Structures are given as C-alpha cells and as structure tokens.
Amino acid sequence: MEYIIINDKDNVAVALTDLTAGSRIESPNGTVVLKEDIMRGHKVTLCDLKEGDNVIKYGNPIGHVITDVAAGCHIHVQNIKTNLGDLLEYEYHPELSPEPVTVQKKNAVFQGYVRKNGKVGVRNEIWIVPTVGCVNSIATKLSEINRAKLHGNAEDIVAFPHPYGCSQMGDDQENTRTILADLINHPNAGAVLVLGLGCENSNIEVLKKYIGDVDTERVRFLQCQDVEDELAAASEIIEELIDIISEDKREGVSADKLIIGMKCGGSDGLSGITANPTVGLFSDKLIGEGGTTILTEVPEMFGAETLLMNRCESKEVFDKTVALINNFKEYFIKNNQTIYENPSPGNKKGGISTLEDKSLGCTQKSGSAKVSGVLEYGERVEKSGLNLLSAPGNDLVAATALAASGAQIVLFTTGRGTPFASPVPTVKISTNSPLAGKKDNWIDFNCGVLVDGEDKDKLADEFFEYVLKVASGEKVRHEVMGYRDMAIFKNGVTL
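These numbers come from a predicted model, not from an experiment. (Residues numbered from 1 in each chain as written. Predicted model: local features only at pLDDT ≥ 70, side-chain atom pairs only at ≥ 80, totals over all residues. Heavy atoms only, no water.)

Q: Help me understand the pattern of salt bridges in this model?
A: Pairing between side chains of opposite charge can happen when the charged atoms of each approach one another. For the structure on display, the rule yields 28 salt bridges. Between Arg 380 and Asp 182 there is a salt bridge, and its shortest N-O distance comes to 2.7 Å. Taken as a pair, Arg 380 in the loop between β19 (371-375) and β20 (385-389) and Asp 182 in helix α2 (residues 170-184) lie far apart in primary sequence, 198 residues in all. Overall, the relative accessible area of 33% leaves Arg 380 in the partly exposed class. Residue Asp 395 pairs with Lys 263 through a salt bridge whose shortest N-O separation is 2.9 Å. Of this pair, Asp 395 sits in helix α10 (residues 395-404) while Lys 263 sits in strand β17 (residues 259-264), placing them 132 residues apart in sequence. With a relative accessible area of 0%, Lys 263 lands in the buried category. Counted as one network, the salt bridges with shared partners bring together Arg 115, Lys 116, Asp 215, Arg 218 and Asp 248. (Salt bridge = Lys/Arg side-chain N within 4 Å of Asp/Glu carboxyl O. Helix = DSSP H or I, 4+ residues; strand = E, 2+ residues; numbered from the N terminus. Buried < 20%, exposed > 50% of the residue type's maximum accessible area, 1.4 Å probe, protein only.)

Have a look at this one:
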C-alpha cells in the first residue's frame, strides 16, 4: 500500500510511503496526480479546496485551509488552521454513536499474582517510595545495593524518586499524596518500603491517611531522621521483604482482572492508521473478556471529544466527560495558555497538522466500546470497561497517572520512538516498520506491518496474546534495560 483514504468522506489521502510528484492516487472522485512530493504520514488533497473549506480526515474536520489548495498538493501546517476554540456547550447524542464492535469471548487467562485484597499484579517487585525528594538518592542507592539479594520469585527492587512531598500547597500537594498512596497500594508491588525524611509536609504519618489499610507485613515505613544509619536500617527491612515475596507464585487468572492503560506519544501520521486502531481492537477484545481499559491525555481528546461523549453509556457519564474536557480547558485558560497549542514539532514532522488531526488519531485507541467511567486525576478505577482519566498529554505524567489509577500495564503507541518507562510495564508499539527496525531496543511490537498488507484482525489477535504474555511475566524492552520512571502532575506554586 502506498496511500490510504481512511474514510469515504475524506478529502485527503495519507501517504503510507514517500510519494513523488507525478504519482497517481485513485480516489472515489477520480484519479489525482500529485503536484509535489509527499512524505510518509503526510496528507495530500483529493480535490480542489477553496480558502475556508474544511479538511476532512477520519470522516471529520481536522481544520480549514487558509488559502486555495489544488488537488494533488501537500496539506499541512503551511496551509491549514485548527477549527478549535475555547469552552463549548455539548449535547448528548448517543444515537449518533455506532454500536460497539462485537467480539468473541475467549475466556482468556494470564499468570498473575493474586494479592490478599483480591487485586492482581503482573509483577512481584519491591517498590521503594520516597515521601519527599530529599531522600531520592537514598531510595535509589537502596535499590542498587540490595538488588543482588533477590531470590525466588522476588523479581526486582525499584525506587521511584520524585521532586515533591514538601513546599507544596493545596491541590498540588494533594496530587502528590494521592499518587504516592496509589503506588503504595499497587498490586504489581509485592512489598513496599515507604521512605520518609521526617520534617516534610507529606510525612509518613500524614501519608498513612491517604494510604488506608495495608498488609503491614508487606508495607513498611522508615523515617531516615529517626535512625543512625538509614542505609543499614532500610536494607534490613528490604531483606525481610525479599524473603516474604520470594514465596509468592503466579497462578492462572481470568483476563477480566486486567486493567490496561492506553497512551500515545511522539505520534506521526500513521499513528491513527496502524498502532492506535490496533490498540483500539485490543481494548474491545479485553472489554469483551470483562476487563478494563483506561484512556487518558485529555488535551489530545480536544477536537474528538464529541465522539467519546456520544459513546457514554449514560447521561451521568456524559456529564462527567463534559466536565473532564472543560475543566482541562479552564486549566489552560487559568494559566494564560492557548488551548490548541498542539501538536509538537515531532508530530508535525511526522505529518500531523492540527490538534483535531492528532486527537482523532489518538482516540482510535479507545476502540468502539461504550464509555463506562470517568476518573479524576489519581482516582483508582472501580468500574470495568472503557474509562477516561483526567491527566495531561505529557508522556511520563500521563503514564504514571494510568499506573496510579490501577493499570498493571501501559500500552504506548509511538511513531518517533522513546525509551521512557512508567511504574508498570510500558509496551512500546511502533506505528511504522522503519522505527521498529531502527530502535528494536525500544520497540516491543510493530504495527507498521499493516502498511505491508498484514490483516488488522490477525495482528490484533497477535497483540492480544502478546499482552497476555507480558501480564504473565515476559519482560518488555525498558525492563530489560533497567529503565523505570515516574512523574507527578505539578499544578501549583512551590514555597
């Protein structure tokens, strides 16, 4: 395949490989001869467009042209402008949403760690969670000096340094406490050492109110100012935790216990054509098994939000989705920022022209299921099915938010590539084969083969089985490399 016309309503085609001037595209309205070279992932007009006309992709407007553009020409940032404005009024029209794709339930099973509270982990690690950035170096050092002591089914020791926990106020401080508590309660952690300093705002005693009831055998606390040698005292605790979780065993668990986060970054013009739709099919399949998926990065829903709103299972969920969108727009306005200042330079280089272009591709990850729940930042998922989560588009912040909400795995589609990780296994899914070939130390699964004619349903089945393998213990690239990251949403002043 050299190009694709995604929807019959589209007045642009997308190049699936570099196309040269003089090449021909067969459109529903006849043959179009390219007047200029078109790079892979970029768009070409299928008809003459007059200034002000909408550019249609995915069957929806992605902006309007700011000058006359002839058929066969490159349509991109030089001649297209977003249609987006500020706050909007929305109406609930579920009748406009197509019915979800019917999937056959396979009673899929993975090998997981069932915790005492009924939650299921896909990893059995010791997590060291600092209450404040002042003890970051100690936490990192502890993970390094104790990793050689691992045995049995104790899989790793991971520290999660961050710059917060003190000098914060209001919602900003609440964000930190909530996310740290979420991580401490995450089922991928077979045991946790909460490492405090002693004089911070979010000290151990304060944080315990957010953590709630825990298994005191597996969640331990150490305040560094209270002991003479914090490394020795903490290492003694870690050795005890290793012995405890080393006895844990994987067992067969229904896929309905899986909670999978969905995120994209470094997107290109193929993201909404290859990788994101594959993740969308995965989401439909997992939800068909009774499982849960979470879609986030709210600013990258702008321009496609009505498609999600009309898929809400009830008026109550619709109202929460409207609040999700408008609250994030008000966050931009409050900080005197342009709501549609997106896509990034890398997105544009890859062929994405406007935020609508990016968002309509981004939301392909949600598949076709009804939206069953809407989550505040840091809120843990309770309802199975497709959930929307309030978090920004930033890769590290959004992926951490997905983990904090309960995702055991994050699926991350990318057209540019990135080595980053999150607190949980973060599967990197390439939109194009050149990236997968060049950065096979970053990429876990290649959806670029769809351009070469691979059947989309067959690839989705392969991807579903791959995710089950990851859930059962197969390491993804960043785990093999020893990379692990976390980032908390900064939203306020620093004292």
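Q: Before we go on, may I ask you to explain the sheet that holds β17 in this structure?
A: Whenever strands of a sheet pair, they do so through backbone hydrogen bonds, lying parallel or antiparallel. Taken in spatial order, the seven strands make up an open sheet running β19-β20-β18-β17-β21-β22-β23, and their pairing is parallel. On the outer flanks of this sheet lie β19 and β23 (445-446), each paired with one strand and no other. Two elements, strand β22 (residues 426-430) and β23, share two bridges in a ladder whose sense is parallel. Paired with Ser 430 across the two strands is Asn 446, which belongs to β23. (Pairing = 2+ DSSP bridges.)

Q: Please clarify how the packing of aromatic side chains should be interpreted in this entry.
A: Aromatic ring pairs are defined here through the distance separating the ring centres and the angle between the ring planes. For the structure on display, the rule yields 14 aromatic pairs. With centroids separated by 6.4 Å and ring planes inclined at 50 degrees, the aromatic side chains of Phe 328 and Phe 332 adopt a geometry described as tilted. On the criterion of helical spacing, the pair formed by Phe 328 and Phe 332 is a turn pair, its members being four residues apart in helix α7 (residues 315-334). Here the aromatic residues Phe 302, Phe 328, Tyr 331, Phe 332, Tyr 377 and Phe 489 are joined through ring pairs into a cluster of three or more. Between Lys 329 and the ring centre of Phe 302, over which it is positioned, the NZ or CZ distance is 5.3 Å. (Phe/Tyr/Trp six-rings, centres within 6.5 Å; stacked < 30°, edge-to-face > 60°. Lys NZ or Arg CZ within 6 Å of the ring centre and 35° of its normal.)

Q: Please explain the side chain of Ser 202 as it appears in this structure.
A: As for its placement among the helices and strands, Ser 202 is situated in the loop between β14 (189-196) and α3 (204-211). Overall, the relative accessible area of 0% leaves Ser 202 in the buried class. In this structure, Ser 202 is in contact with Thr 131, Gly 165, Gln 173 and Arg 177, ignoring residues within four places of it in sequence. (Contact = heavy atoms within 4.5 Å.)

Q: Could you clarify how one ought to interpret unusual backbone geometry in this entry?
A: If a residue is not glycine, its phi is most likely negative; likewise, a peptide bond is most likely trans. Of note, Asn 107 is a non-glycine position whose phi angle comes to about 55 degrees, a positive value. With a relative accessible area of 55%, Asn 107 lands in the exposed category.

Q: Quick question: what am I supposed to make of the nonpolar core here?
A: Taken as a class, soluble globular proteins show a tendency for nonpolar side chains to be buried jointly. Ranked by internal contacts, the top residues of the largest apolar core, which has 88 residues, are Trp 127, Phe 302, Ile 409, Leu 411, Val 427, Ile 429 and Phe 463. Considering each element in turn, this core owes the most residues, eight residues, to helix α12 (residues 456-471). Look past the residues within four positions of Phe 463 in its chain and what remains in contact with it is Thr 278, Val 279, Phe 282, Leu 411, Val 427, Ile 429 and Phe 445. Membership of the second largest hydrophobic core comes to 23 residues, among which are Ile 138, Ala 154, Ala 191 and Leu 222. (Core = buried A, V, L, I, M, F, W, Y, C linked by side-chain atoms within 4.5 Å.)

Q: Hey, could you run me through the sheet that holds strand β15 (residues 219-223) in this one?
A: Read from one edge of the open sheet, four strands run β13-β12-β14-β15, paired in parallel fashion. Edge strands, defined here as strands with exactly one partner in the open sheet, are β13 (156-159) and β15. Taking the axes of each pair of neighbouring strands and ignoring which way they run, one obtains an average angle of 20 degrees across the sheet. Where β14 lies against β15, five bridges are found, and the strand directions are parallel. What sits directly across from Leu 195, in β15, is Leu 222. The sheet contacts of α3 involve β14 and β15, and relative to β15 the element is tilted by about 160 degrees. The sheet strands contacting helix α4 (residues 230-245) are β12 (125-130), β13, β14 and β15, and the helix crosses β15 at an angle near 175 degrees. (Axes fitted to C-alpha atoms, helices over the stretch in contact; angles between N-to-C directions.)

Q: I keep staring at the packing of α2 against α3 and nothing clicks. Help me out?
A: For any two helices packed against each other, one specifies the inter-axial angle together with the distance between the axes. Two elements in contact, α2 and α3, have axes whose closest approach is 9 Å; the angle formed by their N-to-C orientations is 65 degrees. One way to sum up the angle between α2 and α3 is to call them roughly perpendicular. Judged by the sense of rotation from one axis to the other, the crossing of α2 with α3 is right-handed. Residues Glu 174, Arg 177, Thr 178, Leu 180, Ala 181 and Ile 184 of α2 form the contact with α3, whose participating residues are Val 206, Leu 207, Tyr 210 and Ile 211. (Parallel < 35°, antiparallel > 145°, perpendicular 65-115°, else oblique. Left-handed = near helix turned anticlockwise from the far one by under 90°.)

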